[in-house]
Amino acid sequence: MTMPFDPETDVRMRSESGVFDFTESKAKDDLEAAVGGDDSRDRIVVLGRRGAGKTVFLARLYEALWQKRDGLLARAVDGISHQRFMECVARMEAGQWPEATLAQSWSNLEIRYGTHEWVLRVLDYPGEVFRRAFVEDAQDEAARILRAYVDQAAAVLVLLDPIAAVQGGVEATVDAEFGVSSALRRVQAAAGDVEVPVAIVLTKCDVAIGHIREVGSARAFVDHYLPGLVRDGGAFRVFAASAVRSRADALGQLRPATDKNASGIVRPLQWCLKRLVKDGASLE
Ligand SMILES: Nc1nc2c(ncn2[C@@H]2O[C@H](COP(=O)(O)OP(=O)(O)OP(=O)(O)O)[C@@H](O)[C@H]2O)c(=O)[nH]1
Ligand SMILES: [Mg+2]
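Below is a short write-up of the structure. (Residues numbered from 1 in each chain as written. Chains lettered and ligands numbered in written order. Predicted model: local features only at pLDDT ≥ 70, side-chain atom pairs only at ≥ 80, totals over all residues.)

1. Structural notes on the overall build of the protein
As a reminder of what qualifies: In this description a helix means any DSSP run of H or I spanning at least four residues, a strand means any run of E spanning at least two, and both kinds are numbered starting from the N terminus. This entry defines residue contacts through backbone-placed C-beta atoms, with two residues in contact when those atoms are within 7 Å.
Scanning the protein from terminus to terminus reveals 11 helices and nine strands. Contacts spanning at least 24 positions in sequence make up 78% of the contacts within the protein whose residues lie at least 6 apart.

In structure tokens, the structure reads:
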């Protein structure tokens, strides 16, 4: 049975999808596939360094919207990316975290929000590519694709692992301050006068909440631990999320516990969509 559509809040997603394999020499085609061959700003771009939680977050977000949560509804028309997200969820239900992402994969999503209907693209990519694209300014194809991709951002979700910000050392902090602010400066430069909504999402808050409570709030956490991002990253709103809670197995290893609810995963997207509607942005 089709669920009734709530004009204020429902989101419908359609998708066609692809997986890029940079071990093969088809990068030029991939670049065109990723960028879409025109210069429209039609992407909700998800950014995050290695291990930030991109794959887990995207799968749980899609699962949540598919099941209609927080008033948002998703439906993939093309089953390929739907299956990829659901396989990731099933893997976690079986107690396994997803493998580190090796190939870049994209889903072409059609979203309806209120009376607006947009085509959005969601990209999942290996975290190393983030560093190459925005810290090292590397010229390899994967880095170029990611940079071209952010140039077409309608909205940005930046995923940051708070534990890495506190304990991850210099490389993690460089990625989160220099890397993320470079990416956001690029986004705003490409958008000209239009302000692109940017949601910074602190991930893994089921285990990281202590660090956030220590300083008072998610925003205070970013102010305290990532001042370079605050200085150079432009305007953004900070959210806290837990895509999957975890529990220790018999050996003390943390395993995904999907029977417990995710929290805070839909709100950042909802905030971005509301901003886009308010600003009258048309993504088609
Ligand atoms: N407790 C908890 N752990 C999480 C959560 N999300 C991710 N993790 C942990 O973080 C690891 C990395 O998450 P991924 O989603 O694979 O990260 P990624 O950004 O896709 O990483 P790359 O593909 O290597 O760039 C997982 O294997 C989990 O151990 C969460 O919501 N809660
Ligand atoms: Mg991944």
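2. Topic: the packing of helix H4 (residues 127-134) against helix H7 (residues 169-191)
Condition: A fitted line through C-alpha atoms serves as each axis, taken over the contacting stretch for helices, and the angle formed by two N-to-C directions is quoted from 0 to 180°. Throughout, the term roughly parallel applies to angles under 35 degrees, roughly antiparallel to angles over 145, roughly perpendicular to angles from 65 to 115, and oblique to all others. Rotating anticlockwise by less than a right angle from the far helix to the near helix defines a left-handed crossing, while the corresponding clockwise rotation defines a right-handed one. Here the nonpolar group is Ala, Val, Leu, Ile, Met, Phe, Trp, Tyr, Cys and Pro; Asp, Glu, Lys and Arg are the charged ones; every other residue, Gly included, is treated as polar.
Contact pair H4 / H7: the axes reach a minimum separation of 9 Å and the direction vectors enclose 70 degrees. Taken together, the axis directions place H4 and H7 in an arrangement best described as roughly perpendicular. Note on packing geometry: the crossing formed by H4 with H7 is left-handed. Between H4 and H7, the contacting residues are Phe130, Arg131 and Phe134 on the first element and Asp175, Gly179, Ser182 and Ala183 on the second. Here the residues of the contact of H4 with H7 are counted per class, giving three nonpolar, two polar and two charged.

3. Quick word on the site of ligand 1
Rules: We count a residue as near a molecule or strand when its backbone-placed C-beta atom lies within 6 Å of that partner.
Taken together, 22 residues lie near ligand 1, and Thr55, Val56, Trp97, Thr101 and Gly127 sit nearest. Among the elements of the structure, helix H2 (54-66) and helix H8 (205-215) are those that each provide at least two residues to the shell around ligand 1. The element best represented in the shell around ligand 1 is H2, accounting for three residues.

4. Section: the packing of H2 against helix H3 (residues 79-93)
Between H2 and H3, the least distance of the axes is 9 Å, while the angle of their chain directions is 105 degrees. Classified by the angle their axes make, H2 and H3 are roughly perpendicular. Taken together, the residues of H3 that come into contact with H2 (itself represented by Thr55, Leu58, Ala59, Arg60, Tyr62 and Glu63) are Phe85, Cys88 and Val89. Grouping the amino acids of the contact of H2 with H3 by side-chain chemistry returns six nonpolar, one polar and two charged.

Everything listed here is a matter of coordinates, which is why it stays silent on function.
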